[in-house]
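Examining the three-dimensional arrangement
Listed here are the chains, written in short residue letters.
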Amino acid sequence: MLNKTATVIGSGFGGISAALRLKNLGYDVTIYEKLDQLGGRARVFKKDGYTFDAGPTVITAPFLFDELFELFKKKREDYVKFRLLNPWYSFYFQDGNYFNYGGSISDTEKEISKFDKKDVEGYRKLVKMSQKIFDVGFNKLSHVPFDNFFFMIKQIPTLIRLKSYLTVYQLVSRYIKNQQIRQALSIQPLLLGGNPLDTTSIYNLIHFLERKWGVFYAMGGTGAIINAFKKLMKEEKIRVNLNSEVSQILVENKKAVGIKLKNNKNIHSDLVISNGDPAFVYSNMIEDKNLKRWKKSKVKKLDFSMGLFVIYFGTKKKYNNIAHHTIWMGKRFEGLLNDIFKRKILAKDFSLYLHRPTASDPSMAPKSCDCFYVLSPVPNLISNINWREISKEYMNAIFLALEKTILPDLRKNLTTYFFMNPEDFKNDYLSMNGSGFSISPIFQQSAWFRFNNKSENIKNLYFVGAGTHPGAGVPGVMSSAKVLENILKN
Ligand SMILES: Cc1cc2nc3c(=O)[nH]c(=O)nc-3n(C[C@H](O)[C@H](O)[C@H](O)COP(=O)(O)OP(=O)(O)OC[C@H]3O[C@@H](n4cnc5c(N)ncnc54)[C@H](O)[C@@H]3O)c2cc1C
């Protein structure tokens, strides 16, 4: 034991990973979480016999979960089981075509050749390029701190060689000519809050990351992973306080010395690790006089990820032909992305991600029923959309579109439904501008340019989670805790 205490604010995948890694380093760790359950965006809603994972559903890089159990000489399989999915995603296009993506490379090549045989060769080259990006972006850089500008400068020649100045869409377009396959292979940044037309092509590493380990589902849902961590944390004597919102990070003589809870109680500790959205934390939870690089005016000018409109719903029948993960591609691609990210208007049309966990795990719904969520990327709250007024209408438009295409008679079969809009993201997770994934993953906001994992001017204050390096998504935020561990070890 180090005889040192650490406070973790927030219990998303980043906060939990940080708590476990700190515990393993010998700290006495306590988590303070605003919500009434662990998991952050990975919390669970239970309603009318259905179990809805609120957020992350696509589980990749399983070793990141295994590592946390191994720290304590335990095995992840003894706590939660993962199941490999095939296909990983099924893309549905408005002309009725499906592109089933996943399985082996030759499975994907067969699918691509249904659209355009010429793109098979291009796909092979894209995978090779993604591997090169993965070797640097994931293997070399995702777990190391970017708290030194000169370290960042040193990486620039490699990043240029890997064409990181291109966007995801531009890089994919160099290899793939068919418009539908091009779009399908470019949407990955949307899973992290980025516009494929703006996000640096470093994020093409996701293609290889998925190829290397596959796409998994945790039996019992993503919530089962959070439960597994809950059990592990209890065994390892990490204290967890739910319903405990932190209002301030206490700083004395340029040193974090603890936190103030919303009920005005002060808690002192040697380290403070924030898993909250750093944009919100810098703007609301640290006194102005202690801010240096991230003053409110600067944070305000950052580019924020999109918002999300998510409808959770159950049906009294099973839609057996619907895959576990479906990407329902709308008619427009560039125009729609511009509406969401640039014009910031709520378009009448949409592209959707549909989650059907009951495709792999009937325990998520009552017998013979299906459990779903459907997610539509929408502008964040920088737009002036009145979500209170429009949400129901927007939800009905999505139900209707699904009913007319892949879920016939949907509305007749609905048993339960509710939604989250960007206002809910703002209120529930204290997410600035109601963004789904904190600041967006553009080149100018990556690595050193992103919120650093170690405060630049306040000693003993650290950050993990989506807004920090390396970025959003479950593998990203779990890696941010590895960055923290590496900082503390050195
Ligand atoms: C709908 C949706 C679908 C997604 N799908 C995927 C996917 O399939 N695969 C994938 O890899 N990623 C996915 N993501 C992204 C991924 O879920 C997130 O990037 C990741 O889970 C964020 O983790 P985090 O550690 O940043 O913390 P968060 O999950 O954001 O949790 C932070 C926690 O901190 C708490 N908190 C904040 N401020 C305070 C405070 N002041 N006091 C106390 N507590 C506080 C919040 O209440 C919250 O519980 C999805 C996200 C969403 C929203």
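Remember, it's a predicted structure, so these values are computed and weren't measured experimentally.

Moving on to the overall build of the protein chain. Tallying secondary structure elements over the protein chain gives 16 helices and 19 strands in all. Taken over the C-alpha trace, the protein chain has a radius of gyration of 22 Å; the compact-globule value for 490 residues is 23 Å, and the two agree within 12%. The contacts in the protein chain between residues at least 6 apart in sequence include a share of 73% that link residues at least 24 apart. Accessible surface, the protein chain: about 20,000 Å² in total, of which carbon and sulfur atoms supply 51%. Across the protein chain, the 71 positively charged side chains and the 44 negatively charged ones have centroids separated by 3 Å.

Before going further, it helps to examine the sheet that holds strand 7 (residues 98-101). With mixed pairing, the seven strands of this open sheet are ordered in space as 7-6-15-16-17-14-18. The sheet is open, and its two edges are formed by strand 7 and strand 18 (414-420), each paired on a single side. Looking at each pair of strands side by side, their axes are set apart by 20° on average, direction ignored. In this sheet, strand 18 lies alongside strand 14 (residues 307-315) in antiparallel orientation, the contact comprising six bridges. Bridging from a neighbouring strand, Val310 pairs with Met420 of strand 18.

On to the environment of Ile267, then. Tracing the sequence through the fold places Ile267 in strand 12 (residues 266-268). For Ile267 and Ile153, which are 114 residues apart along the polypeptide, the C-alpha to C-alpha distance reads 39 Å. Those residues in contact with Ile267 that lie beyond four places of it in its chain are Tyr32, Val257, Gly258, Ile259 and Leu261.

Of all hydrophobic cores here, the largest spans 121 residues; its most connected members are Phe13, Leu22, Phe91, Phe99, Phe229 and Ile273. Take this core: its biggest share by element is nine residues, from helix 4 (residues 118-140). Once residues within four sequence positions are removed from consideration, Ile273 is found in contact with Ala6, Thr7, Val8, Ile9, Ala18, Leu22, Tyr462, Val464 and Leu484. Counting 28 residues, the second-largest nonpolar core is a separate cluster that includes Tyr32, Leu261, Met285 and Phe451.

Glancing now at the pairing of strand 10 (residues 246-252). With respect to burial, strand 10 is a largely interior element, five of its seven residues being buried. Bridge count between strand 10 and strand 11 (residues 255-261): six bridges; the pairing is antiparallel. Across the sheet, the residue bridging to Val251 is Ala256, located in strand 11. Hairpin connection between strand 10 and strand 11: a loop of two residues separates the two successive antiparallel strands, and Asn253 in this loop has a positive phi of roughly 50°.

Before going further, it helps to spend a moment on the layout of surface pockets. For the largest pocket, the calculated volume is near 230 Å³. Lining the largest pocket are 15 residues, and of these Gln37, Val44, Gly223, Ile226 and Asn227 sit closest to its centre. Counting only elements with at least two residues in the lining of the largest pocket, the list comes to strand 3 (44-47) and helix 9 (222-235). In terms of residue count, helix 9 provides more of the lining of the largest pocket than any other element does, five residues in total.

Per the stated rule, a full pass over the model turns up 26 salt bridges. Here Arg293 makes a salt bridge to Glu456, at a shortest N to O gap of 2.8 Å. In this pair, Arg293 is assigned in the loop between helix 10 (278-284) and helix 11 (296-300) and Glu456 in the loop between helix 15 (422-429) and strand 19 (461-463), connecting sequence segments 163 residues apart. Judged by relative accessible area, Arg293 falls into the buried class, the value being 16%. Notably, a salt bridge pairs Asp370 with Arg356, separated by 2.8 Å at the nearest N-O pair.

A separate point is the side chain of His325. In this fold, His325 is placed in strand 15 (residues 325-328). The contacts of His325, once residues within four sequence positions are left out, are Thr57, Val58, Leu85, Trp88, Tyr89, Ser90, Val215, Tyr353, Leu354 and His355.

Scanning all chains against the criterion turns up 50 aromatic pairs. For the ring pair Trp88 and Tyr101, a centre distance of 5.3 Å and an interplane angle of 85° mean the geometry is edge-to-face. Of the two residues, Trp88 is situated in the loop between strand 5 (82-84) and strand 6 (89-92) and Tyr101 in strand 7; the sequence distance between them amounts to 13 residues. Each member of the pair Trp88 and Tyr101 is classed as buried. Taken together, the aromatic side chains of Tyr92, Tyr98, Phe309, Trp328, Phe350, Trp387, Tyr394 and Phe419 make up a single cluster linked through ring pairs. Over the ring of Trp213 we find Lys212, and its NZ or CZ is 5.3 Å from the ring centre.

Take a nonpolar patch on the surface next. A cluster of nonpolar side chains, contributed by Phe149, Phe150, Ile153, Ile156, Ile160 and Tyr165, occupies part of the molecular surface with about 600 Å² of accessible area. Along the polypeptide, Phe149 turns up in helix 5 (residues 149-161). When its relative accessible area of 33% is taken as the criterion, Phe149 is described as partly exposed.

Taken together, 39 residues sit near the ligand, with Gly14, Glu33, Arg41, Val58 and Val474 positioned nearest. Backbone polar atom of Gly14 to an oxygen atom of the ligand: 2.7 Å apart, as the coordinates give it. Residue Val246 places a main-chain N or O atom 2.9 Å away from a nitrogen atom belonging to the ligand. Out of a free accessible area of 1,000 Å², the ligand has 97% covered by protein chains. Mapped onto the shell around the ligand, the elements with two or more residues apiece are helix 1 (13-25), strand 17 (370-378), helix 15 and helix 16 (474-489). Tallied by class, the residues present in the shell around the ligand amount to 21 nonpolar, 13 polar and five charged.

The rules we used
Residues numbered from 1 in each chain as written. Predicted model: local features only at pLDDT ≥ 70, side-chain atom pairs only at ≥ 80, totals over all residues. Heavy atoms only, no water. Helix = DSSP H or I, 4+ residues; strand = E, 2+ residues; numbered from the N terminus. Rg over C-alpha atoms; globule rule 2.2 N^0.38 Å. Contact = heavy atoms within 4.5 Å. Areas by Shrake-Rupley, 256 points an atom, 1.4 Å probe, with all protein chains shown as cover. Lys, Arg positive; Asp, Glu negative; His and termini not counted. Charge placed at Lys NZ, Arg CZ, Asp CG, Glu CD. Pairing = 2+ DSSP bridges. Axes fitted to C-alpha atoms, helices over the stretch in contact; angles between N-to-C directions. Core = buried A, V, L, I, M, F, W, Y, C linked by side-chain atoms within 4.5 Å. Buried < 20%, exposed > 50% of the residue type's maximum accessible area, 1.4 Å probe, protein only. 1 Å grid on protein atoms, 1.4 Å probe; cavity = no way out; pocket = protein on both sides within 12 Å on 5 of 7 lines; lining within 4 Å. Points joined across faces, edges and corners; volume = space filled by probe spheres on them. Salt bridge = Lys/Arg side-chain N within 4 Å of Asp/Glu carboxyl O. Phe/Tyr/Trp six-rings, centres within 6.5 Å; stacked < 30°, edge-to-face > 60°. Lys NZ or Arg CZ within 6 Å of the ring centre and 35° of its normal. Patch = residues over 30% accessible without salt bridge, like charges linked within 9 Å, V, L, I, M, F, W, Y side chains within 5 Å. Near = heavy atom within 4 Å. Polar contact = N/O pair within 3.5 Å; in protein donor to acceptor, adjacent residues only side chain to side chain. Nonpolar A, V, L, I, M, F, W, Y, C, P; charged D, E, K, R; others polar.

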